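So you can see what is in the structure, the chains are spelled out below.
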Amino acid sequence: MYATTPGAGDGSLRLSDRDRHVWALFTDWCVATDQPPIPATPQQLARFLHDNPAAPATQRRRVSVINTVHRRQRHPAPGTDEAIRRALNATRAARLKRRSALVAERLRQIPVAGWPAGLFGRRDALILALAASGMGFEQIARLRRRDITAPGDHSAPLLLSVDREPIDLPESPEIPIVSIYREWTEVLGNDRWVQVWS
């Protein structure tokens, strides 16, 4: 049995009864907290999951439904945020924690000055930092310079989007990704080398 999704825009989006129940729970919560269900932010989704505790499998199902509705309405899926993915998957969180520790150690060994070692070192440092943040190598391979926006405030996170999906890249003392990105853009400022990654 399928029914029109409540609160999902033009009414043409259809979900199974099971998924419709999940979407109704989310939209009811949004009404109660005076927030729009579409588009939802990752922070909004995280608060919804916190306010509606359930088994991990149930929470993953909720995120999947919310992501599906957003994608069908051509909005970024809030559940692709790395913090939410880690919260829903303890194995992933542990694996990325180990990866981050290894990357932090390697970053200290990568040259960022000199020619040509500094050029490739800065590029490699950014790739490693992106991988430690949880980005997949396929996403990194599709990444273009225009997909990243550096904030004016050095302490604010990078704004990154791949295939219209925003990706959260939190700054940490061990992997200062904003500084690493800025070092790479210094290289890109030299027109001779913009084609290395543009």
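Everything here concerns the structure above.
Presented here is an overview of the structure given in this document. Note that the structure is a prediction, hence the values are computed from the model and not measured.

One way to put it is that helix α2 (residues 42-51) packs onto helix α3 (residues 56-72) with a least axis distance of 11 Å and a crossing angle of 145°. When the axes of α2 and α3 are compared, the crossing they make is right-handed. Along the contact surface, α2 presents Leu45, Phe48 and Leu49, while α3 presents Gln59, Arg62, Val63 and Ile66. Of the residues in the contact of α2 with α3, the class split is 5 nonpolar, 1 polar and 1 charged.

With that out of the way, let us pick up unusual backbone geometry. Looking along the chain, the bond that leaves Ile38 and enters Pro39 is cis, with omega of -10°. By the element assignment, Pro39 lies in the loop between α1 (17-32) and α2. Even without being glycine, Asp34 reaches a positive phi, approximately 60°. Tracing the backbone shows Asp34 in the loop between α1 and α2.

Turning to the packing of aromatic side chains, a few remarks are in order. When we look at a pair of aromatic rings, we describe it by the centre distance and by the angle of the planes. Tallied over the full model, the rule gives 4 aromatic pairs. Pairing Trp23 with Phe26 gives two aromatic rings, centres 5.4 Å apart and planes at 45°, and the pair type is tilted. Of this pair, Trp23 and Phe26 both sit in helix α1, 3 residues apart, roughly one helical turn. A ring pair is formed by Phe26 and Trp29, whose centres lie 6.3 Å apart and whose planes are at 20°; its orientation type is stacked. With Phe26 and Trp29 both in helix α1 and 3 residues apart, this pair spans about one turn of that helix. Take Trp29: its relative accessible area is 9%, and that puts it in the buried class. Through a chain of ring-to-ring contacts, the aromatic side chains of Trp23, Phe26, Trp29 and Phe48 assemble into a single cluster.

Rules used throughout
Residues numbered from 1 in each chain as written. Predicted model: local features only at pLDDT ≥ 70, side-chain atom pairs only at ≥ 80, totals over all residues. Heavy atoms only, no water. Axes fitted to C-alpha atoms, helices over the stretch in contact; angles between N-to-C directions. Helix = DSSP H or I, 4+ residues; strand = E, 2+ residues; numbered from the N terminus. Left-handed = near helix turned anticlockwise from the far one by under 90°. Contact = heavy atoms within 4.5 Å. Nonpolar A, V, L, I, M, F, W, Y, C, P; charged D, E, K, R; others polar. Phe/Tyr/Trp six-rings, centres within 6.5 Å; stacked < 30°, edge-to-face > 60°. Buried < 20%, exposed > 50% of the residue type's maximum accessible area, 1.4 Å probe, protein only.

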